[in-house]
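# Reading the structure
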Amino acid sequence: MLKKAVVLLSSNAFTSLMSLIRNLLIARLIGVEDYGIAATFAISMAVVEMMSTLGLQQLIIQDPDGHKKEMQAGLHGFHLARSLVSAAILFFLAPYIANFLGIPEVSWAYQVLAVVPVLNGLMHFDVFRKQREMVFWPFIITTSLSIFLSVLLVLPLYWWFGDFRIMLFSIMFQSLATLVLSHLIAERPYVLSLSRSMVLKSINFGWPLLINNIFLFIVFNGEKIVVGRELGMAALAIFSMGVTLTLTPTLVVAKSVQSFFLPQLTKHKDDAQAFHTLAMATMQSSLANGLLVVAVIFTFGHALVDLLLGADYAPLVPLITWFAFLHAIRVFKAGSSVVALSHARTSNAMIANLFRVLSVPISWYAAIALGDPLVIIWIATIAEILGYMASVILVKLSVGLPLGRMVLPIGTSVMALAVAAGLTWFTTTQGASAALPVRPDVIVLVLIVIALASMQDLQRYVREQFAART
């Protein structure tokens, strides 16, 4: 089991690393303004996902009938139907998106992107069905190889176009490669059907996820839209890169946690003791995820920005650690969301994300009034703190999960982040890190180690998996 976890984590890490390399390559090859335009393509695709995601990939894993051919065919049919609708919506919204962002001259690019939902809609669900049996290699191959090939395409696209179109066609090629690979490695024939019962079942399961996905769009892209519209494409490029460098690592582990723990939690959801142990390990793994990202960025963040992006992205240096705090707290919520999802409580994540959604108008006002991206990050961070508190309360109420063993891990994690934030503020505003008796990064690393040491359930789970191997 532990070997599968390591393989899955490594695969997700590789996929995210390839995505990061692609973004960094494109950012280096084209100007900051052009990269800002390229960043809007991801926002446009997120619009489509926001309007169409119903968690069908999770449904085939979580549902008792997910292994049946009839259900898989029904999911194929419904997935394709909603993807075609999404493609049509993106095509017709393209001019409005471009005008809203102040770049009407590239509306054609958003229309070309409408091909991507169609390609995604034809994907074979065998790569998700096999995860019911803890078989992850079909999913690993389709996601890892497709993005790797898209990275190899960056330089030829640069020689051909030399501008933001590199990102456009790289995204399209990745979707095409994923589609082809999912069919090549599938065990079952690709069958389509569309029944009223399957549509109703999918909607009943997925409507909270759909609303949550609207919230997630606002969470991941709300501030980007605000920055792009009010502060311009160059500011959007800086802001988007800050998100990429700090959010990507947390999503790697969060995605692995869901893929690895969700089948186990679902299997043991009627065994109170086993479920409780797994739930604690799941939630503590999300705390560890956020803390480790903060440790890396707090220690090496400034050097990474200088090394990877150069002088054009110097405005990101004073912001990068604050981005890390924001996304650490955001990923803290992932564990409780997975625990709730194992009991089909799909509304928990939606409610927890509501705080961040409500903060976006405040961020918009701050952007207009102050024009300072740091204030926008602070507002989002406060919203994520409230969201995490809500997610913990919700998982206790909706699943009936005792949370006594989470008190110490949460307390020590919050202390580590609070001290790190205080030190960041002090050293940035006072420029007096030399006046401290101990280096700030040493203080933060010690507190993070203490927090990790308090996560006894996660440690016990890892030890048991090592023991099972021997």
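Refer to the structure above for everything that follows.
What counts and how
- Residues numbered from 1 in each chain as written.
- Predicted model: local features only at pLDDT ≥ 70, side-chain atom pairs only at ≥ 80, totals over all residues.
- Heavy atoms only, no water.
- Helix = DSSP H or I, 4+ residues; strand = E, 2+ residues; numbered from the N terminus.
- Buried < 20%, exposed > 50% of the residue type's maximum accessible area, 1.4 Å probe, protein only.
- Contact = heavy atoms within 4.5 Å.
- Areas by Shrake-Rupley, 256 points an atom, 1.4 Å probe, with all protein chains shown as cover.
- Core = buried A, V, L, I, M, F, W, Y, C linked by side-chain atoms within 4.5 Å.
- Expected span 1.5 Å × (residues − 1).
- Bend = angle between axes of the 7 residues up to and from the residue.
- Phe/Tyr/Trp six-rings, centres within 6.5 Å; stacked < 30°, edge-to-face > 60°.
- Axes fitted to C-alpha atoms, helices over the stretch in contact; angles between N-to-C directions.
- Parallel < 35°, antiparallel > 145°, perpendicular 65-115°, else oblique.
- Left-handed = near helix turned anticlockwise from the far one by under 90°.
- Nonpolar A, V, L, I, M, F, W, Y, C, P; charged D, E, K, R; others polar.
- 1 Å grid on protein atoms, 1.4 Å probe; cavity = no way out; pocket = protein on both sides within 12 Å on 5 of 7 lines; lining within 4 Å.
- Points joined across faces, edges and corners; volume = space filled by probe spheres on them.
- Patch = residues over 30% accessible without salt bridge, like charges linked within 9 Å, V, L, I, M, F, W, Y side chains within 5 Å.
- Salt bridge = Lys/Arg side-chain N within 4 Å of Asp/Glu carboxyl O.
- Polar contact = N/O pair within 3.5 Å; in protein donor to acceptor, adjacent residues only side chain to side chain.

A separate point is the overall build of the protein. Check the secondary structure of the protein and you find 19 helices and zero strands. With 470 residues in all, the protein has 56% of them scored as buried. Sequence separation of at least 24 residues holds for 84% of the intrachain contacts in the protein that already meet a minimum separation of 6. If you sum the accessible surface of the protein, you get close to 19600 Å²; carbon and sulfur atoms cover 70% of it.

Burial of nonpolar side chains together is a common tendency in soluble globular proteins. If you look at the biggest cluster of nonpolar residues, it comprises 110 residues, and the most contacted ones within it are Phe41, Tyr110 and Leu316. In terms of residue count, helix α13 (residues 272-309) provides more of this core than any other element does, 16 residues in total. With sequence-adjacent residues up to four places away left out, Tyr110 is seen in contact with Thr40, Phe41, Ser44, Leu90, Ala94, Ile97, Ala98, Leu101 and Ile103.

With that settled, consider helix α4 (residues 69-100). One turn of an α-helix holds 3.6 residues; hence residues three or four places apart share an orientation. The end-to-end C-alpha distance of α4, which contains 32 residues, comes to 44 Å, matching closely the 46 Å that a straight helix rising 1.5 Å per residue would cover. At Leu93, α4 shows its largest kink, close to 50°, and the proline Pro95 lies no more than four residues downstream. Just past α4, the residue Gly102 takes up positive phi, approximately 80°.

In this fold, Leu417 is placed in helix α17 (residues 407-430). Residue classification places Leu417 among the buried positions, given a relative accessible area of 9%. In this structure, the C-alpha to C-alpha distance between Leu417 and Ile448, residues 31 residues apart in sequence, is 8.3 Å.

Moving on, we come to the packing of aromatic side chains. Counted by the stated rule, this structure contains 13 aromatic pairs. Relative to Tyr110, the ring of Phe41 lies with its centre 5.7 Å away and its plane at 75°, an arrangement referred to as edge-to-face. Taken together, the residues span a long stretch of sequence, with Phe41 in helix α2 (residues 32-52) and Tyr110 in helix α5 (residues 107-112) at a distance of 69 residues. The class of Tyr110 is buried, set by a relative accessible area of 0%. A network of ring pairs unites the aromatic residues Phe41, Trp108, Tyr110 and Phe164 as a single cluster.

Moving on, we come to the packing of helix α14 (residues 320-342) against helix α15 (residues 347-369). Contact pair α14 / α15: the axes reach a minimum separation of 9 Å and the direction vectors enclose 160°. On the basis of their axis angle, the class for α14 and α15 is roughly antiparallel. Regarding α14 and α15, the two cross each other, and that crossing is right-handed. Contacts from Leu326, Arg330, Lys333, Ser337 and Ala340 of α14 reach α15 at Asn348, Ala349, Ala352, Asn353 and Arg356. Within the contact of α14 with α15, the residues separate by chemical class into four nonpolar, three polar and three charged.

The next subject is empty space enclosed by the protein. Over the atoms, a rolled probe matching the size of one water molecule traces out where space is still vacant. Counted according to the given criterion, the structure contains three cavities of 30 Å³ or more. In this structure, the second largest cavity occupies an estimated 100 Å³ of space. At the level of secondary structure, the elements contributing two or more residues to the lining of the second largest cavity comprise α11 (196-231), α12 (233-267), α14 and α16 (373-399).

Okay, α14 next. Between its first and last C-alpha, α14 extends 34 Å over 23 residues, near the 33 Å set by a 1.5 Å rise per residue. For α14, a buried count of 22 out of 23 residues is recorded, marking the element as mostly surrounded by other parts of the structure. Once α14 finishes, Ala344 follows within two positions and takes phi at roughly 60°, a positive value.

Another aspect to go through is a nonpolar patch on the surface. The grouping of Phe14, Trp137, Ile141, Leu145, Phe148, Leu149, Leu152, Phe173, Leu176, Val180 and Leu184 at the surface amounts to a nonpolar patch, some 930 Å² of accessible area in total. Broken down by secondary-structure element, the contributors of at least two residues to the nonpolar patch are α8 (137-152) and α10 (165-184). Tracing the sequence through the fold places Phe148 in helix α8. A relative accessible area of 32% places Phe148 in the partly exposed class.

Time to look at the side chain of Asp457. Along the chain, Asp457 falls in helix α19 (residues 456-469). Taking relative accessible area as the criterion, Asp457 reaches 3% and is therefore assigned buried. Looking at Asp457, its side chain comes within polar contact range of the side chain of Arg405, at 2.6 Å. Those residues in contact with Asp457 that sit more than four places away from it in its chain are Met280, Ala281, Gln284 and Arg405.

This structure, assessed with the given rule, holds nine salt bridges. Notably, a salt bridge pairs Lys333 with Glu384, separated by 2.9 Å at the nearest N-O pair. Within this pair, whereas Lys333 is found in helix α14, its partner Glu384 is found in helix α16, the two being separated by 51 residues in sequence. In this structure, Lys333 and Glu384 share a single accessibility class: buried. Through salt bridges with shared partners, a single ionic network connects Glu223, Arg330, Lys333, Arg356 and Glu384.

A word on the packing of α12 against α13. Put simply, α12 and α13 touch, their axes get as near as 9 Å, and they point 160° apart. Classified by the interaxial angle, the pair formed by α12 and α13 is roughly antiparallel. Crossing hand, α12 versus α13: right-handed. Between α12, through Met241, Leu245, Thr246, Pro249, Thr250, Val253, Ala254, Val257, Phe261, Gln264 and Leu265, and α13, the contact on the second element is made entirely by Phe275, Leu278, Ala279, Ala281, Thr282, Ser285, Asn289, Val293, Ile297, Val305, Leu308 and Leu309. For the contact of α12 with α13, a count of residues per class yields 17 nonpolar, six polar and no charged.

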